[in-house]
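# Structural features, examined
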Amino acid sequence: MSAVKKNLFLKSGNTTPDPITTGLKLHWDTTQTSGSGSTGNLLALNGTSVTSTDSGGLDKTSSSNQDPLGNQGWALAASQTIDSNVVLSNSAFFNTTNSVWTLELWVKINSRGSTSSVFVNSWQDAGAPSSQENFILGLYGAGGVGFHSLVRSSTGNNYINIGPSTGPSYGNWIQVVFVADTSNVVLYVNGASAGTVSLGGTPQTSNDYLTIGKRSHAGGTGGWNGIFRICRMYSSALTAAEVLNNYNADKAKFGLT
């Protein structure tokens, strides 16, 4: 039984639903690492066999970075990143002829960067060929506070502000989900749709770093101050019901209802 169907049969007092696993290609959770204490790197819990690297300065042990249930989160600041060189275009990763995807993050953003704040990106360094550019998802530039979506598709780059101009609720745990299909990018916040923009073509996927917490794995701007807990990436466009299912599966960890 799928997680969504299971959720339909849950009765009051029973356990929460399981996160969606169909199409789940990458799952990072800060409670699962390859080492202990401040030296551990994230393990890929599902899909491709990848581990993370980081800038060395991530706070991985402070109890102040835990979620309400005591699960350890990793603190990010403007100069820190978590990344892995994931072969996004590999059929073993996406297993689909249409490069649709879903990206889900559970984070707490305490304050944004001075220019922009990138949740997660797969976009090669400046000067790299366009074949190595996939997406940048986060909060847009210094003059605004809302969400942005920069996705390269078959028709070129589509840099679009998406969702509420007020941006996230700072200092609080949130689920942020970006769903890209062959036509649109849909933003969900805490299980609810927050905006849709036209993509203009099938999203591109290529061999590039998947980076959390900054615009580029090699440097640059776009950091934010806060805590990272969970990242999931799917080779499918999750439905609204599936996004809500994942929210219900994890919300208790973050004190949400």
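Look up a bit, the structure's there.
As a starting point, this report considers the structure included with it.

Thresholds, definitions, all that
Residues numbered from 1 in each chain as written. Predicted model: local features only at pLDDT ≥ 70, side-chain atom pairs only at ≥ 80, totals over all residues. Heavy atoms only, no water. Helix = DSSP H or I, 4+ residues; strand = E, 2+ residues; numbered from the N terminus. Buried < 20%, exposed > 50% of the residue type's maximum accessible area, 1.4 Å probe, protein only. Contact = heavy atoms within 4.5 Å. Areas by Shrake-Rupley, 256 points an atom, 1.4 Å probe, with all protein chains shown as cover. Pairing = 2+ DSSP bridges. Core = buried A, V, L, I, M, F, W, Y, C linked by side-chain atoms within 4.5 Å. Salt bridge = Lys/Arg side-chain N within 4 Å of Asp/Glu carboxyl O. Phe/Tyr/Trp six-rings, centres within 6.5 Å; stacked < 30°, edge-to-face > 60°. Lys NZ or Arg CZ within 6 Å of the ring centre and 35° of its normal.

What follows is about the overall build of the chain. In terms of helices and strands, the chain carries three helices and 14 strands. Counting every position in the chain, which comprises 257 residues, the buried fraction comes to 49%. Counting contacts in the chain only where the partners sit at least 6 residues apart, residues at least 24 apart contribute 64% of the total. On the chain, roughly 10,300 Å² of surface is accessible, and the fraction owed to carbon and sulfur atoms is 48%.

Taken in spatial order, the seven strands of this open sheet run E2-E4-E13-E6-E7-E8-E9, and their pairing is antiparallel. If you trace the sheet from one side to the other, it starts and ends with strand E2 (53-54) and strand E9 (156-162), each paired once. Examined bridge by bridge, strand E6 (residues 117-123) and strand E13 (residues 207-212) share two bridges and lie antiparallel to one another. Residue pairing for E13: Asn121 is matched across the bridge by Thr211.

Okay, the pairing of strand E12 (residues 192-198) next. In this structure, strand E11 (residues 184-189) lies alongside E12, joined through six bridges in antiparallel fashion. Bridging across to E12, Val186 finds its partner in Thr196. In textbook terms, the turn of a hairpin is the stretch between consecutive antiparallel strands, and for E11 and E12 this stretch comprises two residues, one of which, Asn190, has a positive phi near 55°.

Looking at where Leu43 falls in the secondary structure, it is placed in the loop between strand E1 (24-29) and E2. Judged by relative accessible area, which is 30%, Leu43 ranks as partly exposed. Each C-alpha atom of the pair Leu43 and His27 lies 8.2 Å from the other, and the pair is 16 residues apart in sequence. Excluding residues that lie within four positions of it along the chain, Leu43 makes contacts with His27, Trp28, Gln32, Thr33, Ser34, Val50 and Thr51.

Quick look at the nonpolar core now. Core analysis: the largest hydrophobic core is formed by 39 residues, its most contacted members being Trp101, Phe119, Phe228 and Met233. Not counting residues within four places of it along the chain, the set of residues in contact with Met233 comprises Gly23, Leu24, Lys25, Leu26, Leu88, Phe93, Phe94, Trp101, Thr102, Leu103, Phe135 and Leu210. Of all hydrophobic cores here, the second largest spans nine residues; its members include Leu24, Val186, Tyr234 and Val243.

On to the environment of Ser111, then. Locating Ser111 in the fold gives a position in strand E5 (residues 101-111). Ser111 sits 113 residues away from Trp224 along the chain, and the two C-alpha atoms are 6.2 Å apart. If we ignore the near neighbours within four places in the chain, the residues touching Ser111 are Tyr170, Trp224 and Asn225.

What follows concerns the pattern of salt bridges. Going through the model one piece at a time under the given rule, you end up with six salt bridges. A salt bridge links Asp29 to Arg229; the shortest N-O distance between them is 2.7 Å. Of this pair, Asp29 sits in strand E1 while Arg229 sits in strand E14 (residues 225-234), and the two are 200 residues apart along the sequence. Taking the shortest distance from any N to any O, the salt bridge between Lys253 and Asp250 comes out at 3.0 Å. Residue classification places Asp250 among the buried residues on the basis of a relative accessible area of 2%. Here the salt bridges share partners, and the residues they tie into one network are Glu104, Arg232, Asp250 and Lys253.

Turning our attention to the packing of aromatic side chains. According to the stated counting rule, one finds six aromatic pairs in the structure shown. Plain terms: the ring middles of Trp101 and Phe135 are 4.6 Å apart, the flat faces sit at 40° to each other, and that makes the pair tilted. With Trp101 in strand E5 and Phe135 in strand E7 (residues 133-139), this pair connects stretches of sequence that are 34 residues apart. For Phe135, a relative accessible area of 0% corresponds to the buried category. Between Trp106 and Phe254 the ring centres are 4.4 Å apart and the planes differ by 10°, which places this aromatic pair in the stacked class. Within this pair, whereas Trp106 is found in strand E5, its partner Phe254 is found in the segment after helix H3 (240-250), the two being separated by 148 residues in sequence. Taking the relative accessible area as the measure of exposure, Trp106 reaches 0% and is therefore buried. Taking the relative accessible area as the measure of exposure, Phe254 reaches 4% and is therefore buried. Clustering of aromatic rings is evident, with ring pairs tying together Trp106, Trp173, Tyr247 and Phe254. The positively charged end of Lys60 is found above the aromatic ring belonging to Trp74, 4.5 Å away from the centroid.

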